[in-house]
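# Architecture and fold: a report
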Amino acid sequence: MTSTACFIIVSRNDIPIYEAEVGSAAKREDAAQLHQFILHAALDIVQDLAWTTSAMFLKAIDRFNDLVVSVYVTAGHILYIYRTDLHMS
Amino acid sequence: MIGAGKIKQYSNILEKPLSKGKQEVSLSAFAFLFSELVQYNQTQVDNISELERRLEDAGYAVGARVLELLCHRDKGNRRETRLLGILSFVHSTVWKVLFGKVADSLEKGTEHEDEYMISEKDLLVNKFISVPKDMGTFNCGAFVAGIVRGVLDGAGFPAVVTAHFVPMEGLQRPRTTILIKFAEEVLQREARLG
(Lines give C-alpha, C1' and ligand atoms only; values in the text may rest on other atoms or scores of the structure.)
Protein backbone atom coordinates (compact mmCIF):
# COMPACT_ATOMS: atom_id res chain seq x y z
CA MET A 1 0.00 0.00 0.00
CA THR A 2 1.42 3.29 -0.95
CA SER A 3 1.84 5.50 2.05
CA THR A 4 3.69 8.71 1.87
CA ALA A 5 4.05 11.45 4.38
CA CYS A 6 5.72 14.81 4.15
CA PHE A 7 7.27 16.55 7.12
CA ILE A 8 8.42 20.17 7.16
CA ILE A 9 9.84 22.31 9.96
CA VAL A 10 9.05 26.01 9.46
CA SER A 11 10.58 28.83 11.50
CA ARG A 12 8.45 31.60 12.93
CA ASN A 13 9.19 33.85 9.95
CA ASP A 14 7.75 31.33 7.50
CA ILE A 15 11.15 30.11 6.40
CA PRO A 16 11.33 26.33 5.92
CA ILE A 17 14.20 24.86 7.87
CA TYR A 18 13.84 21.17 7.21
CA GLU A 19 11.95 19.01 4.78
CA ALA A 20 11.58 15.25 4.53
CA GLU A 21 9.52 12.77 2.57
CA VAL A 22 8.75 9.59 4.36
CA GLY A 23 7.13 6.64 2.73
CA SER A 24 7.23 3.63 0.55
CA ALA A 25 5.70 5.01 -2.62
CA ALA A 26 7.85 5.94 -5.57
CA LYS A 27 8.47 9.65 -5.60
CA ARG A 28 6.67 11.48 -8.35
CA GLU A 29 7.78 14.93 -9.34
CA ASP A 30 4.32 16.50 -9.68
CA ALA A 31 3.15 14.97 -6.42
CA ALA A 32 6.06 16.51 -4.57
CA GLN A 33 5.07 19.98 -5.73
CA LEU A 34 1.47 19.37 -4.78
CA HIS A 35 2.52 18.30 -1.30
CA GLN A 36 4.53 21.47 -0.84
CA PHE A 37 1.62 23.56 -2.03
CA ILE A 38 -0.71 21.95 0.48
CA LEU A 39 1.72 22.50 3.30
CA HIS A 40 2.15 26.16 2.46
CA ALA A 41 -1.61 26.65 2.28
CA ALA A 42 -1.84 25.13 5.72
CA LEU A 43 0.54 27.78 7.09
CA ASP A 44 -2.13 30.46 7.02
CA ILE A 45 -4.60 28.27 8.84
CA VAL A 46 -2.04 27.34 11.47
CA GLN A 47 -1.09 30.90 12.20
CA ASP A 48 -4.68 31.83 12.90
CA LEU A 49 -5.37 28.70 14.87
CA ALA A 50 -2.24 28.99 16.99
CA TRP A 51 -3.65 32.01 18.79
CA THR A 52 -6.93 30.42 19.76
CA THR A 53 -5.57 27.57 21.85
CA SER A 54 -2.71 27.01 24.24
CA ALA A 55 -2.29 23.38 23.25
CA MET A 56 0.78 22.56 21.24
CA PHE A 57 -0.36 19.67 19.08
CA LEU A 58 -3.07 20.59 16.59
CA LYS A 59 -4.41 17.52 14.88
CA ALA A 60 -5.92 17.46 11.40
CA ILE A 61 -6.28 21.17 10.82
CA ASP A 62 -6.70 20.98 7.08
CA ARG A 63 -7.83 18.51 4.47
CA PHE A 64 -7.09 18.38 0.77
CA ASN A 65 -8.78 15.57 -1.12
CA ASP A 66 -7.51 12.68 0.91
CA LEU A 67 -4.50 14.31 2.50
CA VAL A 68 -4.60 15.41 6.12
CA VAL A 69 -2.35 18.09 7.60
CA SER A 70 -1.43 18.12 11.28
CA VAL A 71 0.90 20.50 13.03
CA TYR A 72 2.83 20.81 16.29
CA VAL A 73 3.51 24.39 17.39
CA THR A 74 6.31 25.13 19.83
CA ALA A 75 6.49 28.03 22.28
CA GLY A 76 8.60 30.01 19.87
CA HIS A 77 6.06 29.49 17.11
CA ILE A 78 8.19 27.03 15.21
CA LEU A 79 5.86 24.78 13.25
CA TYR A 80 6.33 21.06 12.72
CA ILE A 81 3.91 20.33 9.89
CA TYR A 82 3.05 16.77 8.98
CA ARG A 83 0.92 15.64 6.08
CA THR A 84 -0.43 12.11 5.82
CA ASP A 85 -2.81 10.16 3.65
CA LEU A 86 -6.25 9.84 5.11
CA HIS A 87 -6.42 6.09 5.06
CA MET A 88 -3.29 6.05 7.16
CA SER A 89 -5.07 7.99 9.90
CA MET B 1 23.98 -8.46 36.47
CA ILE B 2 23.55 -7.99 40.21
CA GLY B 3 23.14 -4.50 41.49
CA ALA B 4 21.70 -2.88 44.57
CA GLY B 5 19.71 -0.43 42.50
CA LYS B 6 19.33 -0.64 38.78
CA ILE B 7 19.00 2.57 36.85
CA LYS B 8 16.42 2.27 34.11
CA GLN B 9 18.27 2.01 30.86
CA TYR B 10 16.77 3.98 28.04
CA SER B 11 17.39 2.35 24.72
CA ASN B 12 16.35 5.44 22.87
CA ILE B 13 17.61 8.90 23.73
CA LEU B 14 14.24 10.33 22.78
CA GLU B 15 12.58 8.48 25.62
CA LYS B 16 14.79 9.96 28.29
CA PRO B 17 12.95 12.53 30.37
CA LEU B 18 14.16 16.10 30.04
CA SER B 19 16.63 16.59 32.88
CA LYS B 20 16.22 19.44 35.31
CA GLY B 21 19.82 20.41 34.81
CA LYS B 22 22.03 22.01 37.42
CA GLN B 23 19.83 24.30 39.45
CA GLU B 24 22.56 26.54 40.73
CA VAL B 25 25.56 28.18 39.20
CA SER B 26 28.33 29.94 41.11
CA LEU B 27 27.41 33.60 41.57
CA SER B 28 30.99 34.80 41.45
CA ALA B 29 31.58 32.90 38.23
CA PHE B 30 28.58 34.58 36.66
CA ALA B 31 29.57 38.02 37.95
CA PHE B 32 33.04 37.54 36.53
CA LEU B 33 31.73 36.37 33.18
CA PHE B 34 29.25 39.22 32.96
CA SER B 35 31.85 41.84 33.81
CA GLU B 36 34.08 40.43 31.09
CA LEU B 37 31.16 40.60 28.65
CA VAL B 38 30.59 44.28 29.46
CA GLN B 39 34.28 45.14 29.30
CA TYR B 40 34.72 43.35 25.99
CA ASN B 41 31.81 45.22 24.45
CA GLN B 42 33.12 48.48 25.87
CA THR B 43 36.28 48.13 23.82
CA GLN B 44 34.28 47.59 20.65
CA VAL B 45 31.97 50.60 20.73
CA ASP B 46 32.24 54.38 20.96
CA ASN B 47 29.08 55.38 22.78
CA ILE B 48 26.86 54.01 25.51
CA SER B 49 23.72 53.53 23.43
CA GLU B 50 25.65 51.17 21.18
CA LEU B 51 26.93 49.37 24.27
CA GLU B 52 23.41 48.99 25.61
CA ARG B 53 22.25 47.68 22.25
CA ARG B 54 24.98 45.03 22.24
CA LEU B 55 24.11 43.86 25.74
CA GLU B 56 20.48 43.71 24.72
CA ASP B 57 21.30 41.60 21.67
CA ALA B 58 23.26 39.21 23.87
CA GLY B 59 20.24 38.93 26.15
CA TYR B 60 17.89 38.42 23.20
CA ALA B 61 19.63 35.17 22.27
CA VAL B 62 19.27 33.95 25.86
CA GLY B 63 15.59 34.86 25.94
CA ALA B 64 14.74 33.03 22.74
CA ARG B 65 16.26 29.80 24.06
CA VAL B 66 14.91 30.12 27.57
CA LEU B 67 11.36 30.42 26.20
CA GLU B 68 11.49 27.08 24.38
CA LEU B 69 13.25 25.28 27.20
CA LEU B 70 10.96 26.45 29.99
CA CYS B 71 7.86 25.73 27.98
CA HIS B 72 8.82 22.07 27.80
CA ARG B 73 10.37 21.77 31.21
CA ASP B 74 8.19 23.76 33.55
CA LYS B 75 4.94 24.36 31.81
CA GLY B 76 4.12 20.91 30.56
CA ASN B 77 3.82 21.76 26.89
CA ARG B 78 1.36 24.59 27.03
CA ARG B 79 1.96 27.76 25.05
CA GLU B 80 1.02 31.25 26.11
CA THR B 81 -1.41 33.03 23.83
CA ARG B 82 -2.60 35.93 26.00
CA LEU B 83 -0.77 39.06 27.05
CA LEU B 84 -1.23 38.67 30.80
CA GLY B 85 -0.26 35.01 30.48
CA ILE B 86 3.06 35.72 28.86
CA LEU B 87 3.78 38.60 31.25
CA SER B 88 3.19 36.48 34.32
CA PHE B 89 5.26 33.73 32.69
CA VAL B 90 8.18 36.16 32.38
CA HIS B 91 7.61 37.62 35.82
CA SER B 92 7.48 34.31 37.68
CA THR B 93 8.84 31.33 35.76
CA VAL B 94 11.62 33.02 33.80
CA TRP B 95 12.77 35.09 36.75
CA LYS B 96 12.69 32.06 39.04
CA VAL B 97 14.85 30.01 36.72
CA LEU B 98 17.31 32.78 35.94
CA PHE B 99 17.59 34.57 39.29
CA GLY B 100 16.24 32.08 41.82
CA LYS B 101 13.24 34.16 42.85
CA VAL B 102 10.21 35.78 41.24
CA ALA B 103 10.46 39.42 40.22
CA ASP B 104 9.47 41.96 42.84
CA SER B 105 6.52 43.45 41.04
CA LEU B 106 4.64 43.58 37.77
CA GLU B 107 2.74 46.77 37.06
CA LYS B 108 0.66 48.15 34.27
CA GLY B 109 1.58 51.60 33.05
CA THR B 110 -0.95 54.30 33.78
CA GLU B 111 -0.27 56.69 30.93
CA HIS B 112 -0.28 54.25 28.03
CA GLU B 113 -2.25 51.09 27.42
CA ASP B 114 0.69 49.24 25.98
CA GLU B 115 3.23 49.74 28.76
CA TYR B 116 4.06 47.30 31.54
CA MET B 117 6.82 47.38 34.11
CA ILE B 118 8.69 44.64 35.95
CA SER B 119 10.59 46.00 38.94
CA GLU B 120 13.39 44.52 40.91
CA LYS B 121 14.99 46.02 44.01
CA ASP B 122 18.40 44.54 43.39
CA LEU B 123 18.88 43.19 39.90
CA LEU B 124 21.53 40.48 39.81
CA VAL B 125 23.46 41.93 36.90
CA ASN B 126 23.58 45.38 38.50
CA LYS B 127 24.61 44.10 41.90
CA PHE B 128 28.34 44.17 41.37
CA ILE B 129 28.56 46.96 38.84
CA SER B 130 29.15 50.63 39.54
CA VAL B 131 28.57 53.04 36.71
CA PRO B 132 31.04 55.97 36.51
CA LYS B 133 29.57 59.46 36.26
CA ASP B 134 30.68 60.03 32.68
CA MET B 135 28.66 57.05 31.47
CA GLY B 136 25.47 58.91 32.27
CA THR B 137 22.36 56.80 32.19
CA PHE B 138 23.95 53.53 31.16
CA ASN B 139 22.26 50.53 32.76
CA CYS B 140 23.61 46.99 32.65
CA GLY B 141 20.05 45.85 33.09
CA ALA B 142 19.96 46.18 29.32
CA PHE B 143 21.07 42.54 29.32
CA VAL B 144 17.97 41.50 31.26
CA ALA B 145 15.85 43.76 29.05
CA GLY B 146 17.22 41.81 26.10
CA ILE B 147 16.26 38.52 27.73
CA VAL B 148 12.70 39.72 28.24
CA ARG B 149 12.54 40.98 24.67
CA GLY B 150 13.79 37.61 23.42
CA VAL B 151 11.08 35.76 25.33
CA LEU B 152 8.31 38.11 24.20
CA ASP B 153 9.46 38.19 20.60
CA GLY B 154 9.72 34.42 20.43
CA ALA B 155 6.23 33.98 21.79
CA GLY B 156 4.80 36.36 19.20
CA PHE B 157 4.45 39.55 21.29
CA PRO B 158 6.89 42.01 19.74
CA ALA B 159 7.85 44.76 22.14
CA VAL B 160 10.44 47.41 22.91
CA VAL B 161 12.03 46.62 26.25
CA THR B 162 14.32 48.97 28.16
CA ALA B 163 15.87 49.09 31.62
CA HIS B 164 15.72 52.15 33.87
CA PHE B 165 16.91 53.18 37.27
CA VAL B 166 14.19 54.47 39.57
CA PRO B 167 15.49 56.11 42.76
CA MET B 168 13.50 55.16 45.84
CA GLU B 169 13.58 56.77 49.25
CA GLY B 170 14.71 54.45 51.95
CA LEU B 171 16.88 52.44 49.57
CA GLN B 172 20.55 53.10 49.12
CA ARG B 173 20.63 51.97 45.51
CA PRO B 174 17.96 52.82 42.97
CA ARG B 175 15.41 50.22 41.99
CA THR B 176 15.73 48.78 38.48
CA THR B 177 12.63 48.78 36.31
CA ILE B 178 12.25 46.90 33.05
CA LEU B 179 9.83 48.84 30.87
CA ILE B 180 7.95 46.83 28.25
CA LYS B 181 6.16 48.64 25.44
CA PHE B 182 4.18 46.32 23.21
CA ALA B 183 3.78 46.82 19.49
CA GLU B 184 0.45 47.92 18.08
CA GLU B 185 -0.38 44.51 16.60
CA VAL B 186 -0.20 42.85 20.00
CA LEU B 187 -2.89 45.10 21.42
CA GLN B 188 -5.06 44.66 18.35
CA ARG B 189 -4.80 40.90 18.59
CA GLU B 190 -5.58 40.99 22.30
CA ALA B 191 -8.66 43.08 21.61
CA ARG B 192 -9.71 40.67 18.90
CA LEU B 193 -9.29 37.63 21.12
CA GLY B 194 -11.49 39.24 23.71
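Everything below is about the structure printed above this text.
Residues numbered from 1 in each chain as written. Chains lettered and ligands numbered in written order. Predicted model: local features only at pLDDT ≥ 70, side-chain atom pairs only at ≥ 80, totals over all residues. Heavy atoms only, no water.

### Some details on the overall build of chain A
Keep this limit in mind: To qualify as a helix, a DSSP run of H or I must reach at least 4 residues; to qualify as a strand, a run of E must reach at least 2; elements of each kind are numbered from the N terminus. Here's how the labels work: a residue is buried when its accessible area is under 20% of the maximum for its type, exposed when over 50%, partly exposed in between, all with a 1.4 Å probe on protein chains only. We call two residues in contact when some of their heavy atoms are within 4.5 Å. All accessibility values rest on the Shrake-Rupley procedure with a 1.4 Å probe; residue burial counts only the protein chains present in the view.
Summing up its helical and strand segments, chain A has one helix and five strands in all. Listing each helix as α and each strand as β along chain A from the N terminus yields β-β-α-β-β-β. Looking at chain A as a whole, 42% of its 89 residues qualify as buried. Within chain A, contacts between residues at least 6 apart in sequence are counted, and of these 39% link residues at least 24 apart. Of the roughly 5100 Å² that chain A leaves accessible, carbon and sulfur atoms contribute 57%.

### Some words on the interface of chain A and chain B
Threshold: Summed over both partners, the accessible area lost on bringing two parts together, with a 1.4 Å probe, is the buried area. By salt bridge we mean one thing: a side-chain nitrogen of Lys or Arg within 4 Å of a carboxyl oxygen of Asp or Glu. Two N or O atoms count as a polar contact when they lie within 3.5 Å, although within protein this holds only if one can serve as hydrogen donor and the other as acceptor, and sequence-adjacent residues are included solely when both atoms are side-chain atoms. As a working rule, the residues Ala, Val, Leu, Ile, Met, Phe, Trp, Tyr, Cys and Pro are called nonpolar, Asp, Glu, Lys and Arg charged, and the rest polar, with Gly in that last group.
Each partner contributes residues to the interface: chain A has 14 residues there, and chain B has 16 residues. Between chain A and chain B the total buried area reaches about 1300 Å² when both faces are included, carbon and sulfur atoms providing 53% of it. Ranking the residues of chain A by area buried against chain B places Trp-51, Ser-54 and Ala-75 of chain A at the top, with a combined share of 49%. Linking chain A to chain B there are zero salt bridges. Taken together, chain A and chain B are joined by eight residue pairs in polar contact (both at pLDDT 80 or more). When grouped by side-chain class, the residues that make up the side of chain A that touches chain B number eight nonpolar, five polar and one charged.

### A few points about the packing of helix α2 (residues 48–73) of chain B against helix α3 (residues 83–99) of chain B
Residues and elements named next belong to chain B. The condition is simple: Note on geometry: axes are lines fitted to C-alpha atoms, helical ones only across the stretch in contact, with angles between N-to-C directions running from 0 to 180 degrees. The labels follow the angle: roughly parallel below 35 degrees, roughly antiparallel above 145, roughly perpendicular from 65 to 115, and oblique for the rest.
At a minimum axis separation of 11 Å, α2 and α3 run at an interaxial angle of 95°. One element, α2, and the other, α3, form an angle in the roughly perpendicular class. Listed contacts from α3 to Val-66, Leu-67 and Leu-70 of α2 are Phe-89, Thr-93, Val-94, Val-97 and Leu-98. Counted by class, the contact of α2 with α3 contains seven nonpolar, one polar and no charged residues.

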